[in-house]
Amino acid sequence: QVQLVESGGGLVQPGGSVRLSCAASGFTFRNYAMSWYRQAPGKERELVATINYSGGITNYADSVKGRFTISRDNAKNTVYLQMNSLKPEDTAVYYCSRQGYWGQGTQVTVSS
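Residue numbers restart at each chain and count upward from 1, following the sequence in its written direction. In view of the model being predicted, local features appear only for residues whose pLDDT reaches at least 70, and side-chain atom pairs are presented and counted only at 80 or more, with totals across whole chains, interfaces and linings using the full set of residues. Computation of side-chain values: all heavy atoms of the structure, hydrogens and water removed.

A.B. asks: Help me out: how do you make sense of the pairing of strand 5 (residues 46-51) in this one?
C.D. replies: Within a regular beta strand, the side chains point alternately toward one face of the sheet and then the other, so they alternate between its two faces. A strand pair is defined by DSSP finding two or more bridges across the two strands. Numbering of helices and strands starts at the N terminus; helices are DSSP runs of H or I of at least 4 residues and strands are runs of E of at least 2. Where strand 4 (residues 34-39) meets strand 5, five bridges bridge the pair, whose relative direction is antiparallel. The partner of S35 across the bridge, within strand 5, is T50. Hairpin remark: strand 4 followed by strand 5, antiparallel, with six residues in the connecting loop; positive phi at G42, about 75°. As defined by bridge partners, strand 5 adjoins strand 6 (residues 58-60) across three bridges and the pair is classed as antiparallel. Across the sheet, I51 pairs through a bridge with T58, a residue of strand 6. The loop that links strand 5 with its antiparallel partner strand 6 comprises six residues; one of these, G55, has a positive phi angle of about 95°.

Pasting the structure below:
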C-alpha cells in the first residue's frame with residue numbers, strides 16, 4: 001500500500017523559509033522519481049519541482065526557480081522541499097507525489 005505523508009507546513013512571514021518533508025512507504029522508494037505540487041485557493045494544482053530516482057536531476061517551475069530546492073534521502077525514504085524567500089503568492093497546500101499517487105498535503109501560508 002503506497003503511502004505519502006507530508007509535514008512541515010505552517011504560517012511564515014514573507015521572506016522567510018520553510019522545509020517540507022514527505023515520508024514514503026509501501027513501495028521501493030529509490031526506484032521512483034518524486035515531485036512536489038501545490039494548489040492555491042481557487043486555482044488548479046501545479047507542478048512545483050521534480051527529482052529523479054537518484055537525486056541527480058531536478059527540475060523546477062519558473063515561479064520558484066532559485067528559491068526552492070527539492071532533495072531526497074533514499075536511505076530514509078524521504079523527499080524534501082526547501083523553500084526560501086517566500087512570497088504571499090506561495091501560499092497553497094503542498095502535495096508530495098509519485099507516479100499515480102499523492103499525499104494529503106500540508107498547508108503553507110505566507111503572510112504578515
